[in-house]
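# Notes for the structure review
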Amino acid sequence: MKRFVIVSLIFFLFSGPVFPENDVFGWLNRLRKVKMLPELVKDRILTGTARDYAETLLAENRFSHRDSIHKTALDRYRVWGGTSTIVGEIIGTGPTLSAVEEAWERSVEHLELLLKPDWTHAGAGKAEAAGRKIWVVLFTVRRVRNLRLKGNEQEGSPLGYFLSGSFVSAGIKTPLLFSGIARLEPLSFQPETGVFLFFIPLEAADLYTRLGYLSQEERIIITDVFYPLRSATFFPEGESQ
């Protein structure tokens, strides 16, 4: 009896040694190393999102990048607390992980996504039941290090939130933070290190907030999006868990 392997991918605005059955990262980073691309860091939010969706696909006996209510990988990543602005996804089903990996490698579209130079982080999840196995792998571009959102409190009540971190890119002209339609000015910015500090007032805590920067070429780059009130107790830094 023939065994079939099915693979699929989607990208939102993501002969060699044999690796253990669940070691997606060993295989993934081996491929990238051959092309002299940076190694991807394991991200706990992407991992949780991928694992949850693999279980959903298995439970619903489905195989699609959109879930039963038409949500995308980027939507699911947001639910888990992710703030990056771009997410890539590949999914596969087959008898073994090595068989699915071989199918991904043979697909020009999948290989192009896997070897995208901009990716910095990834996460993988697996679900298995009644002989059926599904893998989901997610990718993102993290443009800010040590992203933190901390409440400024007085007598136990928040007055607002301090947003801090450091941009990965060099040559940034100025950091940007848009709260709703208003632009908030940084409290401080160190161009040599990319370290920034903003204050988000309490009245803006439930507004759609976009973090980014103005490049030397006068281009606006948005790096992260979030709602401060929803993110105050959980912010996604801590990617290697």
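Residues numbered from 1 in each chain as written. Predicted model: local features only at pLDDT ≥ 70, side-chain atom pairs only at ≥ 80, totals over all residues. Heavy atoms only, no water.

Turning our eyes to something else, we now look at the overall build of the protein. Scanning the protein for helices and strands turns up six helices and 13 strands. For the protein, with 241 residues in total, the buried portion stands at 47%. Accessible surface, the protein as shown: approximately 12700 Å² in total, 54% of it carbon and sulfur. (Helix = DSSP H or I, 4+ residues; strand = E, 2+ residues; numbered from the N terminus. Buried < 20%, exposed > 50% of the residue type's maximum accessible area, 1.4 Å probe, protein only. Areas by Shrake-Rupley, 256 points an atom, 1.4 Å probe, with all protein chains shown as cover.)

The next thing to look at is the pattern of salt bridges. If the charged atoms of two oppositely charged side chains come close together, the side chains can form a pair. This structure, assessed with the given rule, holds nine salt bridges. The salt bridge partner of Glu-105 is Arg-30, with a shortest N-O separation of 3.8 Å. Here Glu-105 is found in helix α4 (residues 97–106), whereas its partner Arg-30 is found in helix α1 (residues 24–34), with 75 residues between them in sequence. Taken together, the salt bridges that share partners define one network made up of Lys-126, Glu-128 and Lys-133. (Salt bridge = Lys/Arg side-chain N within 4 Å of Asp/Glu carboxyl O.)

This paragraph deals with the pairing of strand β11 (residues 195–201). Successive side chains on a regular strand alternate, one facing one side of the sheet and the next facing the other. On β11, burial follows the alternation: Phe-196, Phe-198 and Ile-200 on one face are buried, whereas Val-195, Leu-197, Phe-199 and Pro-201 on the facing-out side are not. Summarising the sheet, strand β10 (residues 188–190) and β11 pair through three bridges and their orientation is antiparallel. Across the sheet, the residue bridging to Phe-189 is Phe-196, located in β11. Between β10 and β11, which pair antiparallel in sequence order, lie four residues; one of them, Gly-194, sits at a positive phi of approximately 80°. (Pairing = 2+ DSSP bridges.)

Attention shifts here to the pairing of strand β8 (residues 172–179). Among the eight residues in β8, six count as buried, and that is most of the element. Pairing between β8 and strand β12 (residues 209–215): seven bridges, direction antiparallel. Bridging from a neighbouring strand, Leu-177 pairs with Leu-211 of β12. With three bridges connecting them, β8 and strand β9 (residues 182–184) associate as antiparallel partners. What sits directly across from Phe-178, in β9, is Arg-183. Connecting β8 to the antiparallel partner β9 that follows it, the hairpin turn spans two residues, and Gly-180 within it adopts a positive phi of roughly 65°.

On to the layout of surface pockets. Put simply, the second largest pocket is a space of about 270 Å³. Taken together, 13 residues form the lining of the second largest pocket, with Arg-78, Gly-81, Tyr-227, Arg-230 and Ser-231 sitting closest to its centre. Mapped by element, the contributors of at least two residues to the lining of the second largest pocket are α3 (73–79), β13 (220–226) and α6 (228–231). Grouping the amino acids of the lining of the second largest pocket by side-chain chemistry returns seven nonpolar, four polar and two charged. (1 Å grid on protein atoms, 1.4 Å probe; cavity = no way out; pocket = protein on both sides within 12 Å on 5 of 7 lines; lining within 4 Å. Points joined across faces, edges and corners; volume = space filled by probe spheres on them. Nonpolar A, V, L, I, M, F, W, Y, C, P; charged D, E, K, R; others polar.)

By themselves, these figures tell us nothing about what the structure is for.
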